[in-house]
Amino acid sequence: MANRPALFNRLALIGTGLIGSSIARAARAQGVVRSIVATARSGATRARVAELGLADQVLDTNAAAVAGADLVILCTPVGQCGQVAAEIAPHLADGAILSDVGSVKGAVVRDVAPHVPANVHFVPAHPVAGTEHSGPDAGFAELFFNRWCILTPPEHTDPIAAKKLAAFWSALGANVEFMAPDHHDRVLAITSHVPHLIAYTIVGTADELGQVTRSEVLKFSAGGFRDFTRIAASDPTMWRDVFLANKDAVLEMLGTFSEDLSTLTRAIRRGDGDTLFELFTRTRAIRRGILSIGQDAEAPDFGRPHERMPPVPRPYVGED
Ligand code: NAP
């Protein structure tokens, strides 16, 4: 990696949990940045980040962390982004790229953009990769490998800045796609947010069953429930913020989902096997489509952190 020039001099990570610490590990492994500065809200997390050696410097405040950084990435829960942007705005370096990793884009753009100084390039991003774990110990360098990272730059963003951030994510192993923020939020509502809500609901419902039944639920969880429990173990703060921030798109998709659930309920009540069979055949084909484009494997996903990530070729972006 040493023979490939770094894309950025100084990367500042505001928030060093699962995503921030994975970026730190991957950026270092791929030689994409010369140095990394990290911070987090609590002293305990900052101390752990320092102990793990994830950054060259771990600083106490968001304002201090961004000074002199040419790439700043907000890796906090979505609900914190606006306040953090206001805190760091006066300290951002001239020409810096400011980005984020939030799972919702419309709300982040709305909350962050008003604080961004004219001499800073704001390029929001969402790496569509994660696990149900949180905190700096949960991250790993291969998290973004062969996953999508969606960039949602506002209309008049400098194309060089957007291209440079795209090159950064490519270097971390991700496939990059550009989208409008609202479109991103509708796509993610159905592919990620509503599935998480369903998992939270079904695990909550099972938990409310009687004690004897609950122990059987755990014992026989391989029958499908287990996969829901993994998703329903996802971070409560992060997901509360996602549903509050993506309210409109989630409610729209939930409306459609509820109608489809009613159709299935009616089919079961009426003994209408054809309706059930037709839907299950269609959904099986969707699963096969996901496997065929390499977005999942037949084997359970347990081994991902140990996946080998090859060195990623670096495109030239016109600077360095
Ligand atoms: P996480 O593991 O809980 O980490 C969040 C980090 O943000 C922690 O280091 C936390 O510090 C820090 N933080 C919170 N408020 C802060 C503030 N005001 N100033 C500075 N640092 C602050 O969460 P995560 O899973 O990495 O998620 C981070 C972001 O990535 C979210 O916006 C989420 O939507 C997005 N995302 C998550 C996933 C996923 O699967 N997890 C996937 C894609 C995108 P403390 O530990 O001290 O509280």
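Placed above this text is the structure.
Calculation notes
- Residues numbered from 1 in each chain as written.
- Predicted model: local features only at pLDDT ≥ 70, side-chain atom pairs only at ≥ 80, totals over all residues.
- Heavy atoms only, no water.
- Buried < 20%, exposed > 50% of the residue type's maximum accessible area, 1.4 Å probe, protein only.
- Helix = DSSP H or I, 4+ residues; strand = E, 2+ residues; numbered from the N terminus.
- Pairing = 2+ DSSP bridges.
- Right-handed = clockwise from strand over helix to strand, strands pointing away.
- Salt bridge = Lys/Arg side-chain N within 4 Å of Asp/Glu carboxyl O.
- Axes fitted to C-alpha atoms, helices over the stretch in contact; angles between N-to-C directions.
- Parallel < 35°, antiparallel > 145°, perpendicular 65-115°, else oblique.
- Left-handed = near helix turned anticlockwise from the far one by under 90°.
- Contact = heavy atoms within 4.5 Å.
- Nonpolar A, V, L, I, M, F, W, Y, C, P; charged D, E, K, R; others polar.
- Near = heavy atom within 4 Å.
- Polar contact = N/O pair within 3.5 Å; in protein donor to acceptor, adjacent residues only side chain to side chain.
- Areas by Shrake-Rupley, 256 points an atom, 1.4 Å probe, with all protein chains shown as cover.

Attention now goes to the pairing of strand β4 (residues 71–74). Here β4 shows a buried face lined by Leu71 and Ile73 and a second buried face lined by Val72 and Leu74. Taken together, the 4 bridges between strand β1 (residues 8–14) and β4 define a ladder with parallel strand orientation. Residue Leu13 lies in a different strand from β4, and its bridge partner there is Ile73. Relative to strand β5 (residues 97–100), β4 runs parallel, the two being bridged by 4 bridges. Across the sheet, the residue bridging to Val72 is Leu98, located in β5. Each parallel crossover has a hand, and for β4 linked through helix α4 (residues 81–88) to β5 it is right-handed.

Counted under the stated rule, the structure contains 11 salt bridges. Residue Arg46 pairs with Asp60 through a salt bridge whose shortest N-O separation is 3.4 Å. On the criterion of sequence distance, the pair formed by Arg46 in helix α2 (residues 43–52) and Asp60 in the loop between β3 (57–58) and α3 (62–66) is long-range, its members being 14 residues apart. Relative accessible area serves as the criterion here: at 56%, Asp60 is assigned to the exposed category. The residue Arg48 makes a salt bridge to Asp137 at a minimum N-O spacing of 2.6 Å. Taken as a pair, Arg48 in helix α2 and Asp137 in the loop between β7 (125–128) and β8 (148–151) lie far apart in primary sequence, 89 residues in all. By relative accessible area, Arg48 is classed as partly exposed at 28%. The network of salt bridges with common partners includes Arg48, Glu51 and Asp137.

Another point: the packing of helix α7 (residues 181–207) against helix α10 (residues 236–245). Axes are the key here: two packed helices are described by the angle between their axes and the distance separating the axes. One can describe the packing of α7 onto α10 by two numbers: an axis separation of 11 Å at closest approach and a directional angle of 125°. The orientation of α7 with respect to α10, classified from their angle, is oblique. Between α7 and α10 lies a crossing whose hand is left-handed. Here Ser192, His193, His196, Leu197 and Tyr200 of α7 lie close against α10, whose contacting residues are Trp239, Val242 and Phe243. Classifying every residue of the contact of α7 with α10 by side-chain character gives 5 nonpolar, 3 polar and no charged.

A separate point is the site of the ligand. The environment of the ligand is formed by 28 residues, the closest being Ile19, Ser42, Thr45, Thr76 and Ser103. One nitrogen or oxygen atom from the main chain of Gly17 is found 3.5 Å from an oxygen atom belonging to the ligand. Taking Asn62, its side chain carries an N or O atom lying 3.2 Å from a nitrogen atom of the ligand. Its free accessible area being 910 Å², the ligand has 90% of it covered by the protein chains. Here the shell around the ligand is built from residues that sort into 12 nonpolar, 15 polar and 1 charged.

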